[in-house]
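Geometric and topological summary
Listed below, chain by chain, are the residues.
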Amino acid sequence: MISNTDHVGGPDDPLAARGDRELPGSGGEHLLQAAYGTAARAEKFYDDQVLDHLNEQMIEFVGRMDMAFIATSDATGECDCSLRAGPAGFLQVIDERTIAYPEYRGNGVLASLGNISENPSIGVLVMDFVHDLIGLHVNGHAAIVEDERMRIDHPGIAVDDERGRTPQRWVKISVVEAYIHCRKHIPRLVPADRTRNWGTDAVRAKGGDFFGAAARRRAPEQAVEPSPDAGRPEPGPGPEDVPADPVVGRAGAGAAS
């Protein structure tokens, strides 16, 4: 087992040779790069792909995405990963070093916001499963901003009128790192027509007791097995409807793995 306590330094330490430059990432990843012999490959990726801001191509990419995976952790490091989705552009680019996404009324748990209130570190992964088959990591520091305050600070921010919803608050992120997620393992998905019940409290529309957690917590004599199709999404296209995966991509999009 390798841990950060195994790194003791010294004149022959492979990490010491990298000490004349500040590298992106954590001390742990630098330690393992040295231990596993990937330091040169990692430094090439850092040099070629890791930015401390969003460039023009990244800004355009974020602006046309309709979902993002959000990773947070609390003060003790306990992690949570969640999905946020909306019309293209719901993930707002304020400027090259700032992005924000809206938080609407949900199940009341506030897992992501609770973590952010204790630990501002956040990871956002935006993936294009449909066209370019590429991803973008945006890591940074998050703050919770109430909707009214957000609109005072940024009066041009979009209002989600078409779905009759108003954000309760926003997560505003100061960008620390932005870098590519390579395409080689990204599946191609074909969007299917569906009606999204944005903002609903209808149990079935939200997924019901899909995994049977509530049913199994009831007393045995009261337990009711969930319906086999309870909360299941509408059927999508079958394999015969999915086009072959052509070679696609923007110039340089898959430059690093």
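Residues numbered from 1 in each chain as written. Predicted model: local features only at pLDDT ≥ 70, side-chain atom pairs only at ≥ 80, totals over all residues. Heavy atoms only, no water.

1. As for the pattern of salt bridges
Spelled out, the test is: Whenever a carboxyl oxygen of Asp or Glu lies within 4 Å of a side-chain nitrogen of Lys or Arg, that contact is scored as a salt bridge. Helix and strand definitions here come from DSSP, where helices need a minimum of 4 consecutive H or I residues and strands a minimum of 2 consecutive E residues; each element is numbered from the N-terminal end. Working definition: with a 1.4 Å probe on protein chains only, accessible area under 20% of the residue-type maximum means buried, over 50% means exposed, and in between means partly exposed.
Applying the stated criterion across every chain yields a total of 10 salt bridges. The residue Asp147 makes a salt bridge to Arg151 at a minimum N-O spacing of 3.0 Å. A residue pair is termed a helical-turn pair when its members lie 3 or 4 positions apart in one helix, as Asp147 and Arg151 do in helix 5 (residues 147-153) at four residues. Between Asp153 and Arg149 there is a salt bridge whose closest N-O contact spans 2.8 Å. Of this pair, Asp153 and Arg149 both sit in helix 5, four residues apart, which is roughly one turn of that helix. Exposure remark for Arg149: the relative accessible area of 43% places this residue in the partly exposed category.

2. Observations regarding helix 2 (residues 39-49)
The condition is simple: Note that the arc is defined by the directions from the helix axis to the C-beta atoms. Two residues form a contact once any of their heavy atoms are found within 4.5 Å.
Along helix 2, the positions that sit buried rather than exposed are Ala39, Ala42, Glu43, Phe45, Tyr46 and Gln49. Down the axis, helix 2 shows its buried residues gathered within 165 degrees of arc, on one side only. Turned more than 90 degrees away from the buried face of helix 2, the exposed residues are Ala40, Arg41, Lys44 and Asp47. Where helix 2 is buried, its residues contact helix 1 (27-36) and strand 7 (169-181).

3. Side note on the packing of aromatic side chains
Filter applied, for reference: Pairing of aromatic rings covers Phe, Tyr and Trp, the last through its six-membered ring, and needs centres within 6.5 Å; plane angles under 30 degrees mean stacked, over 60 mean edge-to-face, and all others mean tilted.
Evaluated as defined, the whole model comprises two aromatic pairs. A centroid spacing of 5.9 Å and a plane angle of 85 degrees characterise the contact between Phe45 and Tyr179, whose relative ring orientation is edge-to-face. Here Phe45 is found in helix 2, whereas its partner Tyr179 is found in strand 7, with 134 residues between them in sequence. Comparing Phe45 with Tyr179, the two get one shared label, buried. Ring geometry for Phe210 versus Phe211: centroids 4.9 Å apart, planes at 75 degrees, classification edge-to-face.

4. Considerations on the pairing of strand 2 (residues 79-85)
On a regular strand, one side chain projects to one face of the sheet and the next to the other, so that they alternate. Selection criterion: For two strands to count as paired, DSSP must find a minimum of two bridges between them.
One ladder, built from seven bridges, connects strand 1 (residues 67-73) with strand 2; its direction is antiparallel. Among the inter-strand pairings, Ala68 is bridged to a residue of strand 2, identified as Arg84. Where strand 1 folds back on strand 2, the antiparallel hairpin that results is connected by five residues, among which Gly77 adopts a positive phi of roughly 95 degrees.

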